[in-house]
Amino acid sequence: MGKKAHRKARTATKRERENADRWLQHAKSRPEITLDEALKPGMVAHAIFEHDDWCPALETFSIRDCKCSPNIKYHRE
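Computed from a predicted structure; not experimentally measured.

Okay, the side chain of His 51 next. As for its position among the elements, His 51 is in the loop between β2 (45-50) and α3 (57-60). Take His 51: its relative accessible area is 17%, and that puts it in the buried class. Non-local contacts of His 51, meaning those with residues more than four positions away in its chain, are made with Ala 57, Leu 58, Ile 63, Cys 66, Cys 68 and Pro 70.

In C-alpha cells:
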C-alpha cells in the first residue's frame, strides 16, 4: 500500500472515531432504562458498553475483541 492510500485509511479511521464519539454522547444524553424495558417490542434503545482501561475492544471498536466484563447501560432513544 502506498503512502497516499495509507494516509487515506488513517483519515477514514479518525473520521469513524469522531462519528462514534458523537453517537456515544447522543446516546448518553438519553434517559437510562433497564434491560427489561430495552427488550420490549418496538423499543429503540442504545446499549453502552463501558470496558476496562486495558480491554483490546477500546482500540478496535469490536465487541469480539473484548476480554473484560464490561458494564452495560441501556438508554432509550
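Taken as a whole and assessed by the stated rule, the structure comprises one salt bridge. The salt bridge involving Lys 73 is made with Glu 50; its shortest N-O contact spans 3.7 Å. Pair noted here: Lys 73 is in strand β3 (residues 71-76) and Glu 50 is in strand β2, with a separation of 23 residues, a long-range link. Lys 73 gets classed as partly exposed once you look at its relative accessible area, which sits at 31%.

Reading guide: rules and limits
- Residues numbered from 1 in each chain as written.
- Predicted model: local features only at pLDDT ≥ 70, side-chain atom pairs only at ≥ 80, totals over all residues.
- Heavy atoms only, no water.
- Helix = DSSP H or I, 4+ residues; strand = E, 2+ residues; numbered from the N terminus.
- Buried < 20%, exposed > 50% of the residue type's maximum accessible area, 1.4 Å probe, protein only.
- Contact = heavy atoms within 4.5 Å.
- Salt bridge = Lys/Arg side-chain N within 4 Å of Asp/Glu carboxyl O.

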